[in-house]
Amino acid sequence: MNNYKIYHRPKVTSTRPVKKTAYLRKFSVNYQKIVLMFLVIGIGATIWNLLFKSDYFSIKNYQISGTKEFVNENDLKTQIQSNTLNKNLALLKISQLEQLLENSFKGAKDITIKKDYPNSLNIVVYERVPLAVVYNNEAFLIDESGYVLGLVDPDQTELPKIKYEEDLVIGQHINPKMIPLYLDLVNSLGEKEISVS
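Keep in mind it's a predicted model, so treat the numbers as computed, not measured. (Residues numbered from 1 in each chain as written. Predicted model: local features only at pLDDT ≥ 70, side-chain atom pairs only at ≥ 80, totals over all residues. Heavy atoms only, no water.)

Quick question: what am I supposed to make of the packing of aromatic side chains here?
The geometry of two aromatic rings is summed up by the distance between their centres and the angle between their planes. Going through the model one piece at a time under the given rule, you end up with two aromatic pairs. Taking 5.0 Å as the distance between ring centres and 80 degrees as the angle between the ring planes, the aromatic pair formed by Tyr56 and Phe57 counts as edge-to-face. Look at Phe57 and you get buried, because its relative accessible area is 15%. Here Phe57 and Tyr117 contribute two aromatic rings whose centre-to-centre distance is 5.9 Å and whose plane-to-plane angle is 85 degrees, an arrangement assigned as edge-to-face. On the criterion of sequence distance, the pair formed by Phe57 in the loop between helix 1 (19-53) and strand 1 (61-65) and Tyr117 in the loop between strand 2 (108-116) and strand 3 (120-127) is long-range, its members being 60 residues apart. The exposure class of Tyr117 is partly exposed, given its relative accessible area of 45%. (Phe/Tyr/Trp six-rings, centres within 6.5 Å; stacked < 30°, edge-to-face > 60°. Buried < 20%, exposed > 50% of the residue type's maximum accessible area, 1.4 Å probe, protein only. Helix = DSSP H or I, 4+ residues; strand = E, 2+ residues; numbered from the N terminus.)

How should I be thinking about the nonpolar core in this particular structure?
By size, the foremost hydrophobic cluster in this structure holds 18 residues, and its most contacted members are Leu76, Ile80, Leu101, Ile111, Ile113, Leu121 and Ile123. Where this core is concerned, the elements lending two or more residues are strand 1, helix 2 (73-84), helix 3 (94-104), strand 2 and strand 3. Those residues in contact with Leu101 that sit more than four places away from it in its chain are Leu76, Gln79, Ile80, Ile111 and Ile113. Core analysis: the next-biggest nonpolar cluster, separate from the first, contains nine residues, Val134, Val148, Tyr164 and Leu168 among them. (Core = buried A, V, L, I, M, F, W, Y, C linked by side-chain atoms within 4.5 Å. Contact = heavy atoms within 4.5 Å.)

I keep staring at the pairing of strand 2 and nothing clicks. Help me out?
Successive residues of a regular strand alternate their side chains across the two faces of the sheet. Looking at chain direction, strand 2 and strand 3 are connected through eight bridges and run antiparallel. Residue pairing for strand 3: Ile111 is matched across the bridge by Val125. Taken together, strand 2 and the strand that follows it, strand 3, pair antiparallel across an intervening segment of three residues. (Pairing = 2+ DSSP bridges.)

For this particular structure, what's the right way to read the environment of Asn119?
Mapping Asn119 onto the fold places it in the loop between strand 2 and strand 3. Here the alpha-carbon distance between Asn119 and Asn88, two residues 31 residues apart in the chain, equals 8.1 Å.

What should I look at first to understand the sheet that holds strand 7 (residues 161-163) in this one?
Note: strands within a sheet are paired through backbone hydrogen bonds, in either parallel or antiparallel orientation. Overall, mixed pairing links the four strands, which are arranged 6-5-4-7 in an open sheet. Two strands lie at the open edges of the sheet, namely strand 6 (148-151) and strand 7, each paired on one side alone. Averaged over all neighbouring strand pairs, the angle between strand axes comes to 35 degrees, with direction disregarded. Examined bridge by bridge, strand 4 (residues 132-135) and strand 5 (residues 139-142) share four bridges and lie antiparallel to one another. The residue of strand 5 that forms the bridge with Ala132 is Ile142. (Axes fitted to C-alpha atoms, helices over the stretch in contact; angles between N-to-C directions.)

Explain the pairing of strand 6 here, please?
With three bridges connecting them, strand 5 and strand 6 associate as antiparallel partners. Across the sheet, residue Ile142 finds its bridge partner in strand 6, namely Val148. Connecting strand 5 to the antiparallel partner strand 6 that follows it, the hairpin turn spans five residues, and Gly146 within it adopts a positive phi of roughly 90 degrees.

Sorry, what's going on with unusual backbone geometry here?
Negative phi is the rule for most residues except glycine; trans is the rule for most peptide bonds. In the segment running from Tyr117 into Pro118, the intervening peptide bond is cis, with an omega of 15 degrees. Inspection of the secondary structure assignment puts Pro118 in the loop between strand 2 and strand 3.

That is the geometry; function is a separate question.
Structure below.
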């Protein structure tokens, strides 16, 4: 038996670099761009569906706090629900809703709304605080800005009482200069221990 090994050299057809690798590199870069493009489109479509098509961000829950005497919680909740129920929380314009509620509920000095994702609103009502009783034929509670809150029995409160000659209407302001002037006078006289009614 013959133990000869035959080795042969590979056949070289060209000494120039192979263009095939450059083509593969170019194809690989284009392939990566295509994959990245489809990935971005897929993520965009998912976000679009979450925001506009699904009910994941639809408003369903409301947390209301701060309602006491001058803002009815049930009326407030009804007003909020009629303007927001099943609307998309991410697209809700809070400032417009706050303005609408403040115009509807004059007994609130301020209303603050915060989004609580994925589907809730937190509403905090800061009610007006009665500061004095203003009377002509009837007695009314007013706050520091002169806003007339409602009727009151003057004997059931220890708030300062102010005689007012003009008509009083619940939900409107009286002369705003009158209240601070009167209260400054009452405070000054109180420091000197002089009684005023």
